[in-house]
Amino acid sequence: MPLTPAATAKAPARRNAQPPGRESAEGTATGQVKHEPTPAECAQLAHWVGGGGTTPGHGEALRMLGSVGNNWVAAKGAYVGRDGAPMLTLTGFRRPYVDELLKALLRNHPGAFLAAPGSDNETSDYDVAVLGGEGTWAVLREFNNIMREVWGTESGITFDTNVYVDLAVPPTSRLPSSADSWQMKGGRPNTDPEWVRVQETASLAKMRRFMSAGDWQRFTRGIRDEVMAASGAEDGGRPVAARFEQTRRTDSLFGAADGLYRAYVRDLARLLRARGHGADRPAMDDERLVTHLEHHDENAVMEARNVLYAVHMRGAQNLARSFVRRGPSAAGDPAPRSKPNVADLNARAQIYAMEAYHSAGAVFDVVHRQQAGKVTAEELSEPDYGQSFNEQVGDALKDLTHYGSDPGKAFYQSSKYVYRMTLAADKILEYGGGSLPPQAEELLAALRHLSSKTGVLQRIRNGADKEFASLTEDQRSARARTETLGLLGTDSLDEFRRRLLDLARAVLVMRYSRP
């Protein structure tokens with residue numbers, strides 16, 4: 001999409017008729033000046049692109065988006081499933097708009113490139129990863145600043161778009177520049193035990209985010225007790241010393257995940273309060289304040305998270321650059337240059353990102369394997385699939401909580417994550433050996449069937465299926481509840497959540513009881 005107007009007369013007067021930029025010493029063959037915008041000038045470019053558009057369709061997209069308050073969720077409610085697929089006009093505007101802004105910002109970061117492996121249908125979001133290059137935390141910061149200036153809200157509100165930087169690269173190094181990344185230095189990262197510990201902790205933190213302190217305590221205590229319990233011949237009759245060591249490791253992982261979550265809540269609440277949010281609720285603790293604002297001022301929470309994400313990514317990328325250039329710290333060196341330490345800082349940054357995977361295993365499995373096809377199933381390890389499983393559980397819990405007032409909608413909105421959870425559980429069983437208790441096996445099979453891509457729940461969720469597109473919200477919810485009741489024997493949201501956690505507990509007990 002060129003940054004020159006198709007018809008400048010159509011652009012509002014407050015926009016620039018010509019895109020701003022600094023003149024390059026390098027001219028075109030026709031003698032025209034080549035414009036190469038600086039990051040500071042990209043905000044003006046965004047104003048100009050948003051005002052004029054480059055095709056008549058873009059002008060229509062702006063009108064449509066403006067009619068629903070520049071809110072993508074509202075746009076989906078108004079346009080998805082309608083005759084003529086009007087939502088595709090908006091998605092056709094969103095992708096080039098976002099891409100052109102990011103490409104302009106990437107000019108100062110040689111080696112960096114965009115990756116957007118997700119689907120591009122009427123209901124999908126549009127998340128973009130910036131891979132490669134150095135210092136790309138600044139791209140994240142500038143992009144979010146531009147969106148705030150132009151639209152007055154975060155990109156997650158306006159376009160259902162989030163930008164991520166420095167995501168974990170495939171363990172087989174099939175992306176440009178990935179062989180030179182900190183993650184691949186010294187070999188495949190997912191074979192390092194300390195790397196695995198860091199990533200497992202990050203994935204458990206996703207689950208912790210969507211459980212209350214009491215629920216988390218009960219959930220983890222139950223797993224700990226089963227890992228510690230004497231067992232029979234089915235797992236070789238683990239010796240007492242082995243059971244103590246496995247329980248210690250389990251406690252350590254759960255404690256670290258809880259600590260990571262609490263740090264996230266503390267820093268987020270601190271920034272929100274500093275910006276004047278929650279002043280009318282001084283007695284609220286950090287967790288309650290963040291939860292309250294997530295429901296009453298979503299944009300404020302998004303902005304705070306995006307700011308903290310860029311801040312934390314700056315620290316992670318600075319350490320990564322030092323690690324790549326100087327190698328690991330020498331024995332006794334207090335500088336924490338090591339792959340696991342960089343991974344830890346990266347995971348601590350990703351927890352602030354909107355709708356992001358916290359762990360490398362989830363990125364490997366979903367983003368690089370299922371969506372982009374950059375790795376095969378055999379190239380990933382059991383811990384990778386374990387991390388992916390944990391994060392799918394967390395994301396399913398997120399939707400069950402978010403749509404808690406409408407159980408049917410909660411069922412179909414969470415179905416994508418439940419399905420990915422079952423895929424990961426199958427790989428854990430295939431790669432790690434062992435078996436689940438019969439009741440958990442039956443539950444896994446039922447959830448696999450209920451959440452499959454061709455099943456009713458995902459077809460409702462995707463929005464474009466003609467059988468469901470014409471139904472009202474209440475009718476879709478009722479249909480989802482009927483389907484869930486038929487396959488699980490319950491349409492209670494609380495019972496659905498309990499069974500989801502029962503399966504998660506069984507999988508984690510099996511994994512953490514292994515040698």
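No experiment lies behind these values; they were computed from the predicted model shown.

1. Digging into the overall build of the protein chain
Scanning the protein chain from N- to C-terminus turns up 20 helices and five strands. When the 515 residues of the protein chain are sorted by exposure, 54% land in the buried category. Looking at the protein chain alone, contacts between residues at least 24 apart form 70% of all its contacts between residues at least 6 apart. Looking at the protein chain as shown, the accessible area adds up to about 22000 Å², and 51% of this sits on carbon and sulfur atoms.

2. A few points about the packing of aromatic side chains
All chains considered together, the criterion is met by 13 aromatic pairs. An angle of 40° between the planes, with centres 6.2 Å apart, marks the rings of Y261 and Y264 as tilted. Residue Y261 and its partner Y264 are both found in helix α9 (residues 240-274); the two are separated by three residues, about one turn of the helix. Comparing Y261 with Y264, the two get one shared label, buried.

3. Comments concerning helix α8 (residues 213-228)
Spanning 16 residues, α8 covers 22 Å between terminal C-alpha atoms, matching the ideal 22 Å at 1.5 Å per step. Buried residues of α8: W216, F219, T220, I223, V227 and M228, and no others. Down the axis, α8 shows its buried residues gathered within 160° of arc, on one side only. Packing partners of the buried residues in α8 comprise α7 (193-209), α9 and α20 (493-512).

4. A word on the environment of L204
Locating L204 in the fold gives a position in helix α7. We classify L204 as buried; its relative accessible area is 0%. Measuring from C-alpha to C-alpha, the distance between L204 and E391 comes to 7.1 Å, with 187 residues separating the pair along the chain. Look past the residues within four positions of L204 in its chain and what remains in contact with it is W216, L253, F254, A257, N390, L508 and Y512.

5. A look at the pairing of strand β4 (residues 128-131)
Where burial is concerned, the two faces of β4 agree: the one with V128 and V130 and the one with A129 and L131 are both buried. Bridging between strand β3 (residues 113-115) and β4 involves three bridges; their strand directions are antiparallel. Counted as the bridge partner of F113 is L131 from β4. Pairing geometry for β4 and strand β5 (residues 163-165), over three bridges, is parallel. Along β5, the bridge assignment pairs A129 with Y164.

6. Quick look at α20
An α-helix turns once per 3.6 residues; consequently, residues spaced three or four apart project the same way. If you check α20, its first and last C-alpha atoms are 28 Å apart, about what 20 residues at 1.5 Å a residue would give, namely 28 Å. Where α20 begins, the capping side chain belongs to S492, and its oxygen is found 3.4 Å from the backbone nitrogen of D494.

7. Side note on the packing of helix α3 (residues 72-79) against helix α4 (residues 87-106)
Relative orientation and spacing of two packed helices are given, respectively, by the angle between their axes and the distance between those axes. One way to put it is that α3 packs onto α4 with a least axis distance of 9 Å and a crossing angle of 150°. Of the residues in α4, those touching α3 at W72, A75, K76 and Y79 are M87, L90, T91 and R94. Considered class by class, the residues forming the contact of α3 with α4 number five nonpolar, one polar and two charged.

8. Remarks on the sheet that holds β5
Pairing is mixed across the open sheet formed by three strands, whose spatial order is β3-β4-β5. The sheet terminates laterally at β3 and β5, the two strands that pair on one side only. Each strand of the sheet is rotated relative to its neighbour by a mean of 30°, with strand direction disregarded.

9. Some points on the packing of helix α15 (residues 407-432) against helix α19 (residues 473-488)
α19 packs onto α15 with a crossing angle of 75° between their chain directions and a minimal axis gap of 7 Å. The orientation of α15 relative to α19 falls into the category roughly perpendicular. Residue-level contacts link P407, G408, K409, F411 and Y412 of α15 to E473, R476, S477, A480, R481 and T484 of α19. For the contact of α15 with α19, the per-class residue count stands at four nonpolar, three polar and four charged.

10. A few points about the side chain of R420
Relative to the helices and strands, R420 is located in helix α15. In this structure, R420 is buried with no salt-bridge partner, the nearest side chain bearing the opposite charge being D395 at 6.2 Å. If sequence neighbours within four positions are ignored, R420 has contacts with Y357, V366, Q370, Q371 and Q392.

11. Points about unusual backbone geometry
One non-glycine residue, N70, adopts positive backbone phi at about 55°. When you line up the elements, N70 lands in the loop between α2 (56-67) and α3.

12. Considering the confidence of the model for the protein chain
Across the protein chain, pLDDT averages 83, with 81% of residues at or above 70. Ignoring residues within four places in sequence, the model shows residues 1-37, a span with pLDDT below 50, making 69 contacts including any to other chains. Note that residues 50-54 has pLDDT below 50 and, in this model, 18 contacts with residues that lie over four places away or in other chains.

13. Comments concerning the pattern of salt bridges
Applying the stated criterion to the full structure yields 39 salt bridges. The network of salt bridges with shared partners includes E226, E495, R498, R499, D502 and R505.

14. Focus on the environment of S451
Structurally, the position occupied by S451 is in helix α16 (residues 438-451). In this structure the C-alpha to C-alpha distance between S451 and K416, which are 35 residues apart in sequence, comes to 6.7 Å. Those residues in contact with S451 that lie beyond four places of it in its chain are S415, V418, Y419 and Q458. Of note is the side chain of S451, whose polar atom sits 3.3 Å from the backbone nitrogen of Y419.

Conventions used here
Residues numbered from 1 in each chain as written. Predicted model: local features only at pLDDT ≥ 70, side-chain atom pairs only at ≥ 80, totals over all residues. Heavy atoms only, no water. Helix = DSSP H or I, 4+ residues; strand = E, 2+ residues; numbered from the N terminus. Buried < 20%, exposed > 50% of the residue type's maximum accessible area, 1.4 Å probe, protein only. Contact = heavy atoms within 4.5 Å. Areas by Shrake-Rupley, 256 points an atom, 1.4 Å probe, with all protein chains shown as cover. Phe/Tyr/Trp six-rings, centres within 6.5 Å; stacked < 30°, edge-to-face > 60°. Expected span 1.5 Å × (residues − 1). Arc of directions from axis to C-beta. Pairing = 2+ DSSP bridges. Polar contact = N/O pair within 3.5 Å; in protein donor to acceptor, adjacent residues only side chain to side chain. Axes fitted to C-alpha atoms, helices over the stretch in contact; angles between N-to-C directions. Nonpolar A, V, L, I, M, F, W, Y, C, P; charged D, E, K, R; others polar. Parallel < 35°, antiparallel > 145°, perpendicular 65-115°, else oblique. Lys, Arg positive; Asp, Glu negative; His and termini not counted. Salt bridge = Lys/Arg side-chain N within 4 Å of Asp/Glu carboxyl O. pLDDT = per-residue confidence, 0-100.

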